[in-house]
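Here's the letter readout for the chains.
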Amino acid sequence: MKNLFFLIFFIPTVAISQVKTTCAPENLCSEVYEMLSNFGPDSFEQYNAIFINEKEFLILVDQLWMDEERKELIREERDHTFFEERNKNEFKDLIEEGNQLNLNWKKIEFEDFLYRIRFQNGIKELKGEIYFKEGDEHFEIRVQAAFLSDEFHILELERLKTSTDLLEVEDTEEDMREIPAPEAIERDAVEESDIEEENN
């Protein structure tokens, strides 16, 4: 269900509940960070409140640059329980991730917020990473938001990542850069063949 939602609605993104975002990306970051610094088993109401709600999401769908048939498909995928159920599941996931990492949310310290803004299917979209630490461990949580009615509305918070996760991604990217493309291998083979013929 979640993967289908990502494919249907502009590129990635999730949706969720209530009205409380702002036009400045930095203020959006502050709102997420404030929620995280008070995060815990009893904080679902605050967590739920930072996300776009059903009514706002449907307005956003109306503004997408796509045909009406695809828009209607998106609307049909939503019912009155969709947003809150999604939030409850992702809230539980984040609780679990924090427990597995022995993360004390009350002691996190903000480090940085990096973001990019672009237009996607007629919607102004923000993708950013919020970096924070707790003790000697560093963390990243990604946020996606869309601009509606002069405000950014949060669509998704992605899985919590540790510095170890980020290093593994960098290592994978480095390994991929070291693998020559097939055309490069073929070109090198031709050049070596030419050199051998010249020597003969």
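Note that the structure is predicted; figures quoted are calculated from it, not measured.

Peer 1: Looking at this structure, how should I read the pattern of salt bridges?
Peer 2: Within this structure, the stated rule accounts for nine salt bridges. Glu-125 is the salt-bridge partner of Lys-127, the closest N and O atoms lying 3.9 Å from each other. When its relative accessible area of 1% is taken as the criterion, Glu-125 is described as buried. In this structure, Arg-142 engages Glu-140 in a salt bridge whose closest nitrogen and oxygen atoms are separated by 2.7 Å. Take Arg-142: its relative accessible area is 31%, and that puts it in the partly exposed class.

Peer 1: It is not clear to me how the pairing of strand β4 (residues 151-157) should be interpreted in this structure. Could you clarify?
Peer 2: Remark: a regular strand shows side chains that alternate across the two faces of the sheet. Burial analysis of β4 places six of its seven residues in the buried class, the great majority of the element. As defined by bridge partners, strand β3 (residues 137-148) adjoins β4 across six bridges and the pair is classed as antiparallel. Each residue of the ladder has a partner; that of Phe-147, found in β4, is Phe-152. In textbook terms, the turn of a hairpin is the stretch between consecutive antiparallel strands, and for β3 and β4 this stretch comprises two residues, one of which, Ser-149, has a positive phi near 55°.

Peer 1: In this structure, what is going on with helix α4 (residues 54-62)? I would like to understand it.
Peer 2: A turn of α-helix holds 3.6 residues, and therefore any two residues three or four places apart point the same way. For α4, the set of buried residues is Glu-56, Phe-57, Leu-60 and Val-61. One face of α4 carries all of its buried residues, which in axial projection span an arc of 145°. A side-chain oxygen of the first residue of α4 lies 3.2 Å from the backbone nitrogen of Lys-55; this N-cap is Asn-53.

Peer 1: How should the pairing of β3 be read in this particular structure?
Peer 2: Here 10 bridges tie strand β2 (residues 123-134) to β3, and the two strands are oriented antiparallel to one another. Following the sheet pairing, Gly-128 is matched in β3 by Val-143. The turn joining β2 and β3, which pair antiparallel and follow one another in sequence, is formed by two residues; a positive phi near 70° is taken by Gly-135. Pairing between β3 and strand β5 (residues 161-162): two bridges, direction antiparallel. The partner of Phe-139 across the bridge, within β5, is Thr-162.

Reading the values: the criteria
Residues numbered from 1 in each chain as written. Predicted model: local features only at pLDDT ≥ 70, side-chain atom pairs only at ≥ 80, totals over all residues. Heavy atoms only, no water. Salt bridge = Lys/Arg side-chain N within 4 Å of Asp/Glu carboxyl O. Buried < 20%, exposed > 50% of the residue type's maximum accessible area, 1.4 Å probe, protein only. Helix = DSSP H or I, 4+ residues; strand = E, 2+ residues; numbered from the N terminus. Pairing = 2+ DSSP bridges. Arc of directions from axis to C-beta. Polar contact = N/O pair within 3.5 Å; in protein donor to acceptor, adjacent residues only side chain to side chain.

In short, shape yes, function no, at least from these values alone.
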